[in-house]
There are 2 protein chains.
Amino acid sequence: MPDLHGGIDLGGTKIQAAIVDAKGEVKGEARHPTPTEGGPPQIVEAMAAALTEAAKQAGVETAALGGVGVGSPGDANEKTGVVSSARNLPGWEGSFAVAETLEQALGTKVRVGNDVQVATEAEFHLGAGREFETLIGVFWGTGVGGGLVLAGKPWLGRGAAGEIGHMVVHRGDARCTCGRRGCMEAYAGRMAMEREAHHRHQHGHGTDLFKLMEKHGKPRLTSGIWERAIDHGDKLAAHLLDRAVEALGTGIASAVNLIDPEAIILGGGMGIRFGERFMEPLTHEMGKHLFADDRPPAVRVAALGDLGGAVGASLLVTNR
Amino acid sequence: MPDLHGGIDLGGTKIQAAIVDAKGEVKGEARHPTPTEGGPPQIVEAMAAALTEAAKQAGVETAALGGVGVGSPGDANEKTGVVSSARNLPGWEGSFAVAETLEQALGTKVRVGNDVQVATEAEFHLGAGREFETLIGVFWGTGVGGGLVLAGKPWLGRGAAGEIGHMVVHRGDARCTCGRRGCMEAYAGRMAMEREAHHRHQHGHGTDLFKLMEKHGKPRLTSGIWERAIDHGDKLAAHLLDRAVEALGTGIASAVNLIDPEAIILGGGMGIRFGERFMEPLTHEMGKHLFADDRPPAVRVAALGDLGGAVGASLLVTNR
């Protein structure tokens with residue numbers, strides 16, 4: 001069934017696999033935890049297992065698929081199929097030939113691409129970006145990733161385009177998780193927000209964030225914990241979310257001033273949870289810095305949810 | 001002679017016209033001051049006169065040209081040939097049908113485009129950007145303008161792309177000439193630098209900048225005055241230039257993180273005068289904020305000099 005393709009979204013905690021038909025409909029899916037030991041070989045084995053399970057659900061052999069795409073963090077080289085420096089994956093500081101290894105396991109061709117870029121393309125083809133020709137995907141989660149579709153085509157630059165989270169919004173100010181200063185992600189990334197909450201809590205700011213985290217048995221401040229906290233009137237949580245939205249609006253405006261796209265698609269765990277709730281302050285902050293402020297771009301929340309990454313990855317087989 | 005084209009660079013103080021052959025060689029040129037009275041009709045009349053003079057020098061009737069391109073400030077609509085809100089031109093707050101009016105005066109077709117975008121395209125085709133497929137032009141002058149060439153093609157977005165000078169580098173900080181806060185141009189634009197120098201001078205900072213300006217009979221702090229001042233060891237001038245270079249490096253890095261181009265072409269009056277002298281601190285400041293810092297883009301000073309704008313404008317006739 002060459003009109004069925006596989007897609008794998010490789011994340012720091014989970015591997016999401018999907019079997020997708022030519023219309024973008026999901027015919028089978030499976031989710032496995034990302035192995036924390038064994039490094040790249042073990043992780044790729046788990047990817048093969050998840051994809052095989054999803055194929056079984058769709059009633060197809062993996063070797064009969066038209067191909068499989070992988071959306072990966074780190075430096076995913078589309079030409080070689082090698083993934084390097086995927087530092088949020090356990091033991092993946094070096095390089096590993098993902099496409100080659102998976103091809104042997106699955107018996108079909110495999111393409112790799114950047115996880116955020118393929119999720120942006122999924123929204124462009126099948127989700128919240130369908131009506132636009134040029135858009136920027138902003139994936140607000142643990143960090144802040146970005147993807148570009150310009151005049152209907154993915155824009156990769158020299159392979160590392162779309163790093164909107166590391167556009168500078170406040171030169172010399174907050175330290176980012178990447179080690180640099182003043183990046184948008186240093187204010188808006190969930191990991192940076194948690195670090196800042198922890199720091200302020202230790203310095204005497206009252207907050208229920210960490211109590212809520214323990215109460216709900218979470219190892220970190222998930223988007224759900226942030227939401228509960230602001231629903232309970234937690235002032236520090238509300239302040240840090242406002243600060244994140246200011247940075248997002250500022251960085252997005254900079255990107256719009258440079259590229260002048262028709263639309264911004266806001267995805268990611270934080271983006272999907274808070275996108276509608278913070279749409280007004282986000283567009284307000286963006287508007288403050290738009291040079292052509294009489295016609296701001298449309299801002300839409302991503303529509304494909306959790307499966308967007310895997311569906312987008314499946315498009316790598318047909319779109320490249 | 002349809003292989004000869006005209007180009008006009010419309011500036012706030014001068015109108016530069018050129019006749020260019022198919023290889024990009026300049027066969028005739030003329031420079032007229034921009035009329036300060038009479039508004040758009042008078043300015044367009046002066047454009048026609050300059051172009052006619054350049055054509056005479058090249059030994060060609062304007063009606064025999066393959067067409068004429070105009071690089072304009074403000075909102076230059078490529079589709080309609082109308083230029084709006086060109087606020088640095090005297091009396092040009094509204095809209096004026098530049099292409100239509102000039103076509104009647106010159107007897108050949110006329111195309112209008114953004115001045116900085118066409119200068120970027122000139123560098124791409126004929127100047128410092130010839131060896132690259134994807135580049136960002138950064139024109140550091142009175143303000144800071146930008147132009148984009150992506151995979152060999154001009155990128156205009158919805159018509160307002162390339163506003164790199166209004167990317168935010170320091171949210172909420174210095175007031176920009178555009179009225180917003182924290183834009184790159186608020187630190188690096190020559191006009192903003194002059195305003196800041198004036199402000200600090202009035203508040204007791206010693207500087208010879210304004211003495212040098214008077215001595216050389218200049219109405220403002222030109223790039224030449226800034227150069228003389230730092231050559232004389234003027235501390236305020238040196239500090240404000242360092243501050244400008246920091247902002248440029250930061251904003252350029254943000255643009256690179258988003259687009260991942262092969263090269264940055266640095267032009268404009270300040271860029272051409274100071275590009276080589278400040279290349280090391282500029283690339284150092286940029287490097288601090290590059291996400292893919294192991295392979296920075298090439299940074300080159302524009303090669304076409306003062307005529308780049310007019311030559312680039314002439315390309316509008318053939319490249320659109």
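Reading guide: rules and limits
- Residues numbered from 1 in each chain as written.
- Chains lettered and ligands numbered in written order.
- Predicted model: local features only at pLDDT ≥ 70, side-chain atom pairs only at ≥ 80, totals over all residues.
- Least-squares fit on C-alpha atoms with pLDDT ≥ 70 in both.
- Contact = placed C-beta atoms within 7 Å.
- Pairing = 2+ DSSP bridges.
- Helix = DSSP H or I, 4+ residues; strand = E, 2+ residues; numbered from the N terminus.
- Axes fitted to C-alpha atoms, helices over the stretch in contact; angles between N-to-C directions.
- Core = buried A, V, L, I, M, F, W, Y, C linked by C-beta atoms within 7 Å.
- Buried ≥ 20, exposed ≤ 12 C-beta atoms within 10 Å, placed from the backbone.
- Domains from an automatic or database assignment.
- Nonpolar A, V, L, I, M, F, W, Y, C, P; charged D, E, K, R; others polar.
- Arc of directions from axis to C-beta.

J.: I tried to follow the relation of the copies chain B and chain A on my own but got confused; where do I start?
T.: Two chain copies, one operation linking them: a rotation about an axis together with a shift along it. Its rotation angle being 180°, the transformation that places chain B on chain A also includes 0.0 Å of axial translation and leaves an RMSD of 0.0 Å. Interpreted geometrically, this transformation is the action of a two-fold axis. No C-alpha of chain B approaches the rotation axis more nearly than that of His170(B), which lies at 2.1 Å. Most of the interface of chain B is mirrored in chain A, where 100% of its interface residues are also at the interface.

J.: Quick question: what am I supposed to make of the sheet that holds strand 7 (residues 95-97) of chain B here?
T.: Strands belonging to one sheet form pairs held by backbone hydrogen bonds; the direction of such a pair is parallel or antiparallel. Residue and element names in this part refer to chain B. Pairing in this open sheet of three strands is antiparallel, and the strands run 5-6-7 from one edge to the other. Since the sheet does not close on itself, it has two edges, and those belong to strand 5 (75-76) and strand 7, each with one partner. Contacts from helix 2 (residues 98-106) reach strand 6 (82-84) and strand 7 within the one sheet, and its direction differs from that of strand 7 by about 35°.

J.: Help me out: how do you make sense of the nonpolar core in this one?
T.: Where a protein is soluble and globular, its nonpolar side chains tend to be buried together. Membership of the largest hydrophobic core comes to 207 residues, with the highest contact counts inside it found for Ile8(A), Met47(A), Ile8(B) and Met47(B). Each residue touching Ile8(A), except ones within four places of it in the same chain, is listed here: Ile15(A), Ala17(A), Met47(A), Ala50(A), Leu51(A), Val68(A), Val70(A), Ala310(A) and Ala313(A).

J.: For this particular structure, what's the right way to read the domain arrangement of chain A?
T.: Residues and elements named next belong to chain A. As assigned here, chain A comprises domain 1 (5-120 + 307-319) and domain 2 (130-303). Relative to domain 2, the C-alpha centre of domain 1 lies at a distance of 26 Å. Listed as interface residues are seven residues of domain 1 and, on the opposing side, 14 residues of domain 2. Breaking the side of domain 1 that touches domain 2 down by element, the ones donating at least two residues are helix 3 (115-126) and helix 11 (308-319). The residue inventory of the side of domain 1 that touches domain 2, partitioned by class, reads two nonpolar, five polar and no charged.

J.: I would appreciate a short explanation of the environment of Gln16(B) in the present structure.
T.: Residue and element names in this part refer to chain B. Structurally, Gln-16 is set in strand 2 (residues 14-20). Gln-16 sits in the buried class, given 24 other C-beta atoms within 10 Å. When near neighbours in sequence (up to four residues on either side) are disregarded, Gln-16 contacts Asp-9, Arg-31, Asp-306, Leu-307, Gly-309 and Ala-310.

J.: Looking at this structure, I do not really get the sheet that holds strand 2 of chain B. What am I missing?
T.: Residues and elements named next belong to chain B. Taken in spatial order, the five strands line up as 3-2-1-4-8 in an open sheet, and their pairing is mixed. Each edge of the open sheet carries a strand with a single partner, namely strand 3 (26-33) and strand 8 (110-114). The mean angle between the axes of side-by-side strands here comes to 15°, regardless of whether they run parallel or antiparallel. Examined bridge by bridge, strand 4 (residues 68-72) and strand 8 share five bridges and lie parallel to one another. Looking at strand 8, one finds that Gly-69 is bridged to Arg-111. Docked against the sheet, helix 11 (residues 308-319) engages strand 1 (5-10), strand 2, strand 3, strand 4 and strand 8, running at close to 130° with respect to strand 1.

J.: Looking at this structure, how should I read helix 2 of chain B?
T.: Residue and element names in this part refer to chain B. Turning to helix 2, its buried residues are Val-98, Ala-99, Leu-102 and Leu-106. With its buried residues spanning 85° around the axis, helix 2 presents them on a single face. Summarising the contacts, the buried residues of helix 2 are in contact with helix 1 (39-58), strand 4, strand 6, strand 7 and strand 8. The positive-phi residue at the C-terminal boundary of helix 2 is Gly-107, with phi of around 75°.

J.: Even after reading the chapter, I still don't get the interface of chain B and chain A, so can you show me in this structure?
T.: Buried accessible area, meaning the area lost when the parts come together, often serves as the stated size of an interface. At the interface, 32 residues of chain B touch 33 residues of chain A. At seven residues, helix 8 (residues 235-259) of chain B tops the list of elements feeding residues into the side of chain B that touches chain A. Residues that form the side of chain B that touches chain A fall into these classes: 16 nonpolar, nine polar and seven charged.

J.: How should the pairing of strand 2 of chain B be read in this particular structure?
T.: Note on strand geometry: in a regular strand, side chains alternate between the two faces of the sheet. Residue and element names in this part refer to chain B. Counting buried residues along strand 2, six of its seven residues qualify, which places the element largely inside the surrounding structure. Note: strand 1 against strand 2, six bridges, orientation antiparallel. Each residue of the ladder has a partner; that of His-5, found in strand 2, is Val-20. Turn length for the strand 1-strand 2 hairpin, with the two strands adjacent in sequence and antiparallel, is three residues. With seven bridges joining them, strand 2 and strand 3 adopt antiparallel strand pairing.

J.: What should I look at first to understand the environment of Gly12(A) in this one?
T.: Residues and elements named next belong to chain A. Within the secondary structure, Gly-12 sits in the loop between strand 1 (5-10) and strand 2 (14-20). Each C-alpha atom, one on Gly-12 and one on Asn-88, is 5.6 Å from the other, the two residues being 76 residues apart in sequence. Apart from the residues lying within four places of it in its own chain, the contact partners of Gly-12 are Thr-34, Asn-88 and Leu-89.

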